[in-house]
Amino acid sequence: MKTKNISYDYSLKIRDNEIKFRKWKVKDRKKFINLLKQEDVNELKAAEALVYDCIEDKKIVFSPEEFRYVLSQIRIKSISSEIPFNFKCTKCSESFDVKINVNDVVKPLGQNFETIKIPEENIEIEISEIQSREHYSKAIAKCESTEEIFMVDFLYHIHKLNSDDTFSFDELNEYFDDLDVDVVEKIFDKYNNMRFKVDDLSEVECPHCKFKETYQFDDLPGFFPNEWFGIR
């Protein structure tokens, strides 16, 4: 039996980058489930089987928010754009079921990368795509807070600092540790405005009393079908 050629029939855009991807195959689901069964399970590492194995460009590196968005788009094409949810209204206390559209709770935000300039401090930072998935993933995995993740993500996106590109990660980290707090905040504000983010806030209306509430969908139970885990 001949093996079919891999075809990446779908695409999405992050900044100016077109990312071609394919739907999940049975082998992807098997790999994902088997990785979840390991004793020292790393859920993010397991999920990589459902993203990096399914995109055409194997050199690309995603930030956590980019990864989340790409995963959601592959899920939409592979399974469905809807996820069933059960809510309890905080006003009338009635429970109700609703189907949430993934695109409504994983909305992409961000702009193209630009050079960050703080003229009064003679600081110029050229931002670009991440170069090393292995080093970046390991550094992100060690982070214990959202602040740490932001910092690591920022540092790995720096291509040049004041025209210099010969620095190490530790040298970069030390450089920013020695800057005044107000200067760093200016830099971070500029970077935060351009970096890719996911807007996961969405409004839900109670069908009983018509009360509307805004929820943060930072966790999506049911993102992976129960059938994948032997639940029918």
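Located above this text is the structure these notes cover.
The following refers to the structure shown. All values reported here derive from a predicted model rather than from experimental measurement. Here the residue numbering is sequential within each chain, running from 1 through the sequence in written order. Only residues with pLDDT of at least 70 get local features here, since the model is predicted, and only at 80 or more are side-chain atom pairs given and counted; chain-wide, interface and lining totals rely on the full set of residues. Excluded from the side-chain calculations are hydrogens and water; all other atoms, namely the structure's heavy atoms, are used.

### Considering empty space enclosed by the protein
Two kinds of site are reported from a 1 Å grid over the protein atoms alone, namely cavities, where a 1.4 Å probe fits but cannot get out, and pockets, open sets with protein on both sides within 12 Å along at least five of seven lines, and residues are called lining when an atom falls within 4 Å of a point. Grid points are joined across faces, edges and corners, and a volume is the space filled by probe spheres set on the points. Counted under the stated rule, the structure contains one cavity of 30 Å³ or more. What lines the largest cavity is I14, R15, N17, I19, I60, V61, F62, E66 and E129. Grouping the amino acids of the lining of the largest cavity by side-chain chemistry returns five nonpolar, one polar and three charged. Charged residues are taken to be Asp, Glu, Lys and Arg, nonpolar residues to be Ala, Val, Leu, Ile, Met, Phe, Trp, Tyr, Cys and Pro, and polar residues to be all remaining types, Gly included.

### Here we look at the pairing of strand β1 (residues 10–14)
Of the strand pairs in this sheet, β1 and strand β2 (residues 17–21) are connected by five bridges, and their pairing is antiparallel. In the sheet register, S11 faces β2, and the bridge partner there is K20. Only strands joined by at least two bridges in the DSSP assignment are considered to pair. Secondary structure elements follow DSSP: runs of H or I no shorter than four residues count as helices, runs of E no shorter than two count as strands, and numbering proceeds from the N terminus. In this structure, the hairpin formed by β1 and β2 is closed by a connection of two residues, where R15 is found at a positive phi of approximately 55 degrees.

### Quick look at the packing of aromatic side chains
For Phe, Tyr and Trp, rings pair up if their centres lie within 6.5 Å, where Trp contributes its six-membered ring, and each pair is then called stacked (planes under 30 degrees apart), edge-to-face (over 60) or tilted (otherwise). Evaluated as defined, the whole model comprises 24 aromatic pairs. Measuring from ring centre to ring centre gives 6.1 Å for F32 and W228, while their planes differ by 70 degrees; the resulting arrangement is edge-to-face. One end of the pair, F32, is in helix α1 (residues 26–36); the other, W228, is in the segment after β11 (212–216), and 196 residues separate them in sequence. Each residue is placed in one exposure class: buried if its accessible area under a 1.4 Å probe, protein chains only, is under 20% of its type's maximum, exposed if it is over 50%, and partly exposed if it falls in between. According to the relative accessible area criterion, F32 is buried, its value standing at 3%. Over the ring of F223 we find R75; its NZ or CZ atom is 5.6 Å from the centre of that ring. Geometrically, a lysine NZ or arginine CZ counts as sitting over a ring once it is within 6 Å of the ring centre and also within 35 degrees of the ring normal. Sitting above the plane of the Y52 ring, R133 keeps its charged end 3.7 Å from the centroid.

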